[in-house]
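So you can see what is in the structure, the chains are spelled out below.
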Amino acid sequence: MDITLDASVTGPGGARGVAESASLWEGIDRAAYRYTARVEAWYGAQYLGEVPVKTGSVAWSTSQQVQGKIQLTVPRLSRTAAGDLVDWLPVSPYAPLACNGQELRVYARVESSVASTASFEVPLGVFVITSYDPDGAEISVTGASLLQRVDEDRLLRPQSPVSTLGKEFRRLMHAPRGLVVSPSLVDRACPSDMAWQESRLDALYEIASAWPARLREQRDGTLHLLPPLPVSGITPKITLTDGENGTVISAKTSSARATIYNRIVARTSDSSDKAKGAFQAVVDQEHGPYSVKGPFGVKTKIVNSPLITNSETATNVAVEELRKNLFDAQKYPVTLPPDPTIWIDDPVQLTYSPYQGSTPATVLGYVTAVEYPLTHEGSQALEVSPYADPGLSGSRID
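Analysis parameters
Residues numbered from 1 in each chain as written. Predicted model: local features only at pLDDT ≥ 70, side-chain atom pairs only at ≥ 80, totals over all residues. Heavy atoms only, no water. Helix = DSSP H or I, 4+ residues; strand = E, 2+ residues; numbered from the N terminus. Buried < 20%, exposed > 50% of the residue type's maximum accessible area, 1.4 Å probe, protein only. Contact = heavy atoms within 4.5 Å. Core = buried A, V, L, I, M, F, W, Y, C linked by side-chain atoms within 4.5 Å. Pairing = 2+ DSSP bridges. Axes fitted to C-alpha atoms, helices over the stretch in contact; angles between N-to-C directions. Parallel < 35°, antiparallel > 145°, perpendicular 65-115°, else oblique. Left-handed = near helix turned anticlockwise from the far one by under 90°. Nonpolar A, V, L, I, M, F, W, Y, C, P; charged D, E, K, R; others polar. Salt bridge = Lys/Arg side-chain N within 4 Å of Asp/Glu carboxyl O.

Looking at this structure, I do not really get the overall build of the protein. What am I missing?
Scanning the protein from N- to C-terminus turns up 5 helices and 23 strands. When each of the 398 residues of the protein is scored for burial, the buried share is 47%. Of all intrachain contacts in the protein linking residues separated by at least 6 positions in sequence, the fraction that spans at least 24 positions is 70%.

Before we go on, may I ask you to explain the nonpolar core in this structure?
One broad rule of soluble globular proteins: the nonpolar side chains tend to lie buried together. Ranked by size, the top nonpolar core spans 46 residues in total, and within it Val-51, Val-58, Leu-104, Leu-350 and Leu-382 carry the most contacts. Here the element with the most residues in this core is strand E9 (residues 119-135); it accounts for 5 residues. Those residues within four positions of Val-51 in sequence are excluded, and the remaining contacts are Val-39, Ala-41, Leu-72, Val-74, Trp-88, Leu-97 and Leu-104.

How do you make sense of the pairing of strand E8 (residues 103-112) when you look at a structure like this?
Put simply, side chains in a regular strand alternate between the two faces of the sheet. Most of E8 sits out of view: 7 of its 10 residues are buried. In this sheet, E8 lies alongside strand E2 (residues 33-43) in antiparallel orientation, the contact comprising 10 bridges. Its bridge partner being in E8, Trp-42 is matched across the sheet by Glu-103. Pairing of E8 with E9, which is carried by 9 bridges, proceeds in the antiparallel orientation. Bridging across to E9, Val-106 finds its partner in Gly-125.

I'm lost on the packing of helix H3 (residues 165-173) against helix H4 (residues 200-210) in this one. Help?
When two helices pack together, their arrangement is given by the angle between their axes and by how far apart the axes lie. Where H3 meets H4, the axes come as close as 9 Å, and the angle between the chain directions of the two elements is 160 degrees. It follows that H3 is roughly antiparallel to H4 by the angle criterion. H4 is crossed by H3, and the crossing has left-handed handedness. Between H3 and H4, the residues in contact are Leu-165, Glu-168, Phe-169, Arg-171, Leu-172 and Met-173 and Arg-200, Ala-203, Leu-204 and Ile-207, respectively. Per-class residue counts for the contact of H3 with H4 are 7 nonpolar, no polar and 3 charged.

Looking at this structure, how should I read unusual backbone geometry?
Apart from glycine, the bulk of residues carry a negative phi angle, and the bulk of peptide bonds sit in the trans form. Going from Trp-211 to Pro-212, the amide bond is cis rather than trans, its omega being -10 degrees. If you trace the backbone, Pro-212 turns up in the loop between H4 and strand E12 (214-217). Here the phi dihedral of Asp-345 falls at roughly 75 degrees; this positive angle occurs in a residue that is not glycine. In this structure, Asp-345 sits in the loop between strand E19 (332-336) and strand E20 (347-352). On the basis of relative accessible area, Asp-345 is assigned to the buried category, the value being 2%.

Help me understand the pattern of salt bridges, please; the structure alone is not making it clear to me.
Two side chains that carry opposite charge are able to pair once their charged atoms sit near each other. For the structure shown, the criterion picks out 19 salt bridges. Of the charged contacts, one joins Lys-293 and Glu-286 as a salt bridge, the two residues approaching to 3.6 Å between their closest N and O atoms. The exposure class assigned to Glu-286 is partly exposed, which follows from its relative accessible area of 29%. Among the charged side chains, a salt-bridge network with shared partners connects Arg-38, Glu-40 and Glu-121.

Quick look at the structure:
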């Protein structure tokens, strides 16, 4: 499985761009459509059948190392289209819902209620089953996206890098599905005098942070390494208005000081003699409520990595880390009718009234979490983090 340099990775969230997602809805009235989900069970390359779902959801979040999860309730007994009775309680290690490597592949389908030929289907994710729990006439099933397999497959001994960031990422990911690297990311050599410890997943995130790049699981099971999100000149993929077509945008945004930093220090963690007294890049937030010069005060986060080998890399890592902290400083919860084309890192515009009778406010942001229902009765949930030019100070090398 070679690294793929894929020029189609143009949108912030990955290969599917704004125009392509919008075209899927062509001919479908957003006020008159049917939403359904399909869950397939697989064991390796063997298809084990379509799983009936009573309730459930698929959730993705950029705040988790294993970015996706699924939970669903399955009826203990169901009938096939031919009328045969199926008992879904696993009675062998190879049963569809056993947690011995079985995977769930999930798809969402949207069909027009008016035009019978207007429809589309998109994947919602691939998940390895992590547990099942029978309770009377129902079975509760949970699963995690495929980085779970990387997290479970630990290195047996410390290993030193053997090549570039991209090739080292590919070697460590040790996963059956593909890796897509954005062509805008410039590969570079890893220092050979460092060593990875036992966690492959920690190593992958360290490589992404030091590139800097975004590590994203995609809903088809592939991994994407993408450039940092832009902070200006962004065209929203979709505009969501409170009260329109069932959309609810809560004014009760969430924030926590514990996760907000306005000074980032990026430095090498190489402790060899040649690195003693080495540089460090310091980047400060210069304006707004999180300015280092304002009432917020100074809150410092230090990023250490042996992959930071020069001043340019240190500055880039510090700038991106500060931007990520600012994106995560505030989150807007949104509830809306199911729209499976909305995905992690999509730019969106929110229009809502902060309180009853107030002038509507507009917020531009990126989707940082999304939850899709697995039944037509459910609603979709988003978490949107506002973006803005963070107004960085000129970095300095100490």
